[in-house]
Structures are given as structure tokens and as C-alpha cells.
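These are the residues of each chain, in order.
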Amino acid sequence: MNATESSDATITGHLLDRLHSLGVTHLFGVAGDYNLRMLDEVLAHPGVQWVGTAGELGAAYAADGYARVRGFAALVTTHGVGELSAINGVAGSYAEHVPLLHIAVGPPRSKERDGAVAHHTLGDGDYEHFARAFRQVVCADAVVRPEDGPDEIDRVITTCLRESRPGYLRLPQDVARANAPSPSGALHRPDRHAADQYSLTAFVDAATRRIEAADTVSVLADCLVDRFDGRAELSDLLSAGSLPHAVVVSGKGVVDESAPHYVGLYAGACSDGAVRSAIDDADLLIRAGVRLADTTSGGFTHGYDPDRGISVDPTTASVDGVVFSDVGLPAALAALARLVEGRPTSAASTTTAPHLHRSSSGDNPLSQAYLWQAVGAAVRPDHTVIADQGTPLFGISPRRLPTGARFLAQPVWGSIGYSLPALLGAQLADHSGRGLLLIGDGAAQLTIQELGTLGRLRLTPVIVLVNNDGYTVERALHSPEAAYNDIAPWRWPDLPAALGVPEPLVLTARTEAELDHSLTTAAEVTDRLIFIEARTERDDAPLLLSRFAEIAKRQARKVQ
């Protein structure tokens, strides 16, 4: 029996027990009058800790970061104003296949029945407006009632786990504390290794013929490998065949980037030549959980044919466009590993050398190129690197991570400001390592208030804030002098203390030598939050961003 499970358990108690059984030990959100009594029960639960954030959007981003590390997460908001503040973050989780649960606590059922004009509603007596809105960005939802509440909670959570996407519960205030018997037994977790044996056999036969006919075989991997529990099987595939392999930016971190046959980051025409050759010129390309997106394929400039080769997706596999249904991603990867075992290494397996960084002893102004070389070299195996959309993501993603380092980003949804609250969630999900946040000044202005939450919880990450005077990504894409790319010039070194961070170590780097000193200091000082303001020129951009911007501008001219 779980912590609060009994014959007269409350709806909230059952919900918390289910979350705790999935490894969720932190619940993010913002208190509001509708959810206060529920939060009393959260505070009393022995296995779940309440984490109040500065805003609901921050709670959603934090839950996303937590789920990427822990496997599942949850947030609680109040009805209307709270849940709508969080919906952007939940939508990002949907786009990026991150499983979490959003619980919106609203007015009691008596007000619903009367159609009362309650606060935090639209004043029209319709209490379903926001549930309908959330149905666009979740894989399952329910309005919880005492008579079937536990079953509906289990259904929504199970669907989230199966589809690796967020779910939504609308919970009236009185229902949250209502007694309801809990269903017996544990949650049904999806079996990712399950496969229809007929389909699997047919896939293996087709894949065998394809592999035997290919002189060169390469692998491209993406985040769905991680979201659908295929990381170990992918590793076995890569090592069994000594296959050259690359990742797209959304899949960065799913493979060991120090492995001898890792060739680098693939981004279509934005890729380095050796990486593009290994992927686009392979006789056979195996795509592991790959979703083509404009931001991950260099504006859809990939040089391989998506209808050719072998593709492994969450519940299907295909060979040259022939689809084999009901074949789970781990099962398909495990089968492929057996097929390529002992395959001789070909010339296409030649890898690119890792980037090297030489420290500067001079006072050269800090450039984007030097910044990301230095930061990449400073990443340790115990780091969780979180990069925000913009120059940080374009700058750090081509850099090789050491074995053991984790990488979080949001390149498909691309909501700036995501990374700072996501750092909060990731740090709480895994205390064994240290967070390394890479964020631009424009992005940070959206969610900087959660820096105070990090300080209140006495977390000690390293934060590198790139101060380049506004939206450099947008300047690279269009009208660099336009006023809409400008932001207010904040005094960044003053903010950690102003937001309540206890004894922050604040450093400013305007030169190469100052950056090297700052990163060395950050590695040595582990008991305080480190805040490094890295000053670069407004129009200076990482090479990957410059390549992407040129393609984007050419494509924009064609459609005008």
C-alpha cells in the first residue's frame, strides 16, 4: 500500500501516490485560492515535495526539464489565469514528446452547476473553456469526479506514459479533497520492447536484404530514441557494427559523443562536410527516432531521401518506405544490432577530430567563436547542459560532450526563456551532477524571475548569460538594425542578489582571458551559484547560426 492509499483515500492522495510511484518527488506550481486545500495535502505527503515557482510558465518549463531527466513530472495551477499562463510550456512538452501531467484546480462543482460568475473564469458560466483549449496540446485529459476519479487519473497518466506526451486534469476544488476508493494494483506501464512477431519478422527480413546490399551504413539519431526508451539498444547497434553516426540537435546527448565513430552534429546543408558526407552519401542510412524539422535539418536541406533506407519510429519501422506496424523502437533497434554485428568498418567510418580549445592569455575581445570553444571544453561528465534557443544553442550544439554529460534544449518548439526554469527542474530531478545553463540576454528577460527559485532552494548551477544586446538570432535572419530586435539593457551582475540568490559568485567576461578565468573559477567553486555575464558584440554569431541564417534568407526570398 502506498503512502496515503486506503479505502477512504482522497482523490488528491491517490494522485500523489501515483506520481510518487513513477519517481516524481517534486511537484511544481503556483498557489492560488482554488488549490490551497489540495496543496495542504501535498505538504503532508511524505514522498512529494512542493516547489513553488515565481510563475506558472516557469512551473511548466521546470516540469519539462524534470521529466526529461526523471521520466515524468507534474505541475499544479489554479483555474483560468494560472493554467493559461502554463499552456505555452505544456505545448512545448507536447511538441517535444515530454511526458508530464498538468493539474488545474478550479471552482467547486456547486458553482459549475449554478453557472456562477466565479473569479478566474470568463464570466459566462462555461467552466470548460480552458479544458477545451488544453485538448489541443495534450494526449489525454479528464474532468475528475469522485465516482470515477481514480480510474480517470490512471487512464490519463497511462496515456502520457505510452505516448510520451503531456496530459491534463481539471480538478474541481471540492473533488480534490473528496474521498474515493483507490483502484488496486500498479499503473500499467507501456512495454516499449513489445512487437507484433509477424511484423517484426517481416521487418528483419527486409532489413537483412537492405543491409547486405549496402557498402556503407550510417546512423542518424534523434530525441525519440530517448523518449521511447531505446538509448541502450541504440548504443548496442552503434557498437555492434562500428557504424558512423551523427545526431540532429534535438537528439544531442542520445549517443556517446566521445565514441570513435561519432562524426558530429547533422544539420543538412549547415553541417560540416565530413558529417554531411557520412549521412547523405551512405548507401544505407538508418534513422533512429528522427523527426525532420526546419530547425534541425538546416531548413529542410537534408541530402538523404526520407523514403529510402531504414527508419525506426516509436511504434513502427520501415524499409525503403514499406511500413511494418506494431514494432516498438527498442525492439527494432535490438534486431538491427544483431544484423550488423561484426560488420567490417568502411571508409565512411572516418570521424572528424574533436574541437580543441587553447586558452588565451591576452586581452582579445570575447567572440562567439571563442566563447563556445571555451564553454564546450569546460563541460564535465557530470554536467547537465541546458541551452536556450538562440546563439547558445547554435553555439554549443556542434561541440562534443564528454561521456556522461546530459544535454537539454527545445529546438522544435523553440520558446525562448525555456532553459532557465528547465534548469531548475533538471537539477531537482538529479542532484548528482551540476547544471550548466547557457542563455542569451533576450531569452533570460522572459523567465529570469525563476533565478530566485533556484536561490531559495540553494541550488548551485553555473549560468553563462550571453549579453549581446538583444535578439542576435533575429538580427541574423532579418533586418539587423530594426528596433524590434532591441531589448532594455539590464545590469545583469546585480540580478542574482536582487532576486534573492544567497552569496552568488558573479563574474563578467569581456575578453578571452576573462572568460577562461571565469570558467576555471566556476569549476573550482561548487558550493555557490555561479553567474557569468559573457559580453560579445551585437552582430557576432556562431558559425552554425550564420549558415542557417543564409539558408533561411534565401528561402524567404523565394516565397515573397
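Residues numbered from 1 in each chain as written. Predicted model: local features only at pLDDT ≥ 70, side-chain atom pairs only at ≥ 80, totals over all residues. Heavy atoms only, no water.

### Remarks on unusual backbone geometry
Backbone geometry places Asp326, a non-glycine residue, at a positive phi of 55 degrees. Among the structural elements, Asp326 can be located in the loop between β13 (322-325) and α13 (329-340). Even without being a glycine, Asp469 presents a positive backbone phi close to 65 degrees. Look at Asp469 and you get partly exposed, because its relative accessible area is 42%. (Helix = DSSP H or I, 4+ residues; strand = E, 2+ residues; numbered from the N terminus. Buried < 20%, exposed > 50% of the residue type's maximum accessible area, 1.4 Å probe, protein only.)

### Some thoughts on the pairing of β13
On a regular strand, one side chain projects to one face of the sheet and the next to the other, so that they alternate. Of the strand pairs in this sheet, strand β12 (residues 316-319) and β13 are connected by four bridges, and their pairing is antiparallel. When the bridges of β13 are listed, Val319 appears paired with Val322. Once β12 ends, the chain turns through two residues before running back antiparallel as β13, passing Asp320 with a positive phi of about 50 degrees. (Pairing = 2+ DSSP bridges.)

### Looking at the environment of Leu15
In this fold, Leu15 is placed in helix α1 (residues 11-21). Leu15 sits in the buried class, given a relative accessible area of 1%. Measuring from C-alpha to C-alpha, the distance between Leu15 and His431 comes to 25 Å, with 416 residues separating the pair along the chain. Residues in contact with Leu15, not counting those within four places in the same chain, are Met38, Leu101, Ile103, Ile153, Ile157 and Leu169. (Contact = heavy atoms within 4.5 Å.)

### Some words on the packing of aromatic side chains
Aromatic ring pairs are defined here through the distance separating the ring centres and the angle between the ring planes. Under the criterion given, the structure shown has seven aromatic pairs. Ring geometry for Tyr61 versus Tyr418: centroids 5.5 Å apart, planes at 85 degrees, classification edge-to-face. Placement of the pair is Tyr61 in helix α3 (residues 56-70) and Tyr418 in the loop between β15 (406-408) and α16 (419-429), with a sequence separation of 357 residues. Taking relative accessible area as the criterion, Tyr61 reaches 1% and is therefore assigned buried. The ring of Tyr94 is capped by Arg165, whose NZ or CZ atom sits 3.9 Å from the centre of that ring. Lying over the aromatic face of Phe407, Lys252 brings its terminal NZ or CZ to 5.8 Å of the ring centre. (Phe/Tyr/Trp six-rings, centres within 6.5 Å; stacked < 30°, edge-to-face > 60°. Lys NZ or Arg CZ within 6 Å of the ring centre and 35° of its normal.)

### A short note on the sheet that holds strand β19 (residues 530-535)
Spatial strand order, β15-β14-β16-β17-β19-β18: six strands in an open sheet with parallel pairing. Of all strands in the sheet, those bounded by a partner on one side alone are β15 and β18 (505-509). Sheet twist, expressed as the average angle between the axes of neighbouring strands with direction ignored, equals 15 degrees. When β18 meets β19, the two strands line up parallel, connected through five bridges. Within the sheet, the bridge partner assigned to Thr508 lies in β19 and is Glu533. Sheet strands touched by α16: β14 (383-387), β15, β16 (434-440) and β17 (462-467). Its angle to β16, the strand with the most contacts, is close to 175 degrees. (Axes fitted to C-alpha atoms, helices over the stretch in contact; angles between N-to-C directions.)

### Points about the nonpolar core
Residues Phe28 and Leu101 are the most contacted members of the largest nonpolar core, which totals 83 residues. Tallying contributions element by element places α3 first for this core, with eight residues. Formed by 76 residues, the second largest nonpolar core is a distinct cluster that contains Ala317, Leu329, Val462 and Phe548. (Core = buried A, V, L, I, M, F, W, Y, C linked by side-chain atoms within 4.5 Å.)

### Some remarks on the confidence of the model for the protein
Summing up the model confidence of the protein, the mean pLDDT is 93 and the portion of residues at 70 or higher is 96%. Across residues 1-7 the pLDDT falls below 50, and counting only partners more than four positions away or on other chains, this stretch makes 14 contacts in the model. (pLDDT = per-residue confidence, 0-100.)

### Re the packing of helix α9 (residues 197-212) against α13
Their axes nearest at 10 Å, the elements α9 and α13 cross at an angle of 40 degrees. In terms of their interaxial angle, α9 and α13 are classed as oblique. As for how α9 packs across α13, the hand of that crossing is right-handed. Across the interface between the two elements, Leu200, Phe203, Val204, Ala207, Thr208 and Ile211 of α9 pack against Ala331, Ala332, Ala335, Leu336, Leu339 and Val340 of α13. (Parallel < 35°, antiparallel > 145°, perpendicular 65-115°, else oblique. Left-handed = near helix turned anticlockwise from the far one by under 90°.)

### Here's the deal with α9
Relative to the 22 Å expected for 16 residues at 1.5 Å per residue, α9 spans 22 Å between its end C-alpha atoms, a close match to the ideal helical length. Among all positions in α9, only Ser199, Leu200, Phe203, Ala206, Ala207, Arg210 and Ile211 are buried. For α9, the angular spread of buried residues about the axis comes to 135 degrees, placing them on one side. Every exposed residue of α9 that faces more than 90 degrees away from the buried side is listed here: Gln197, Tyr198, Arg209 and Glu212. In the core, the buried residues of α9 are packed alongside β10 (284-288), β11 (310-312), β12, β13 and α13. The opening residue of α9 is Asp196, an N-cap whose side-chain oxygen sits 3.2 Å from the backbone nitrogen of Tyr198. (Expected span 1.5 Å × (residues − 1). Arc of directions from axis to C-beta. Polar contact = N/O pair within 3.5 Å; in protein donor to acceptor, adjacent residues only side chain to side chain.)

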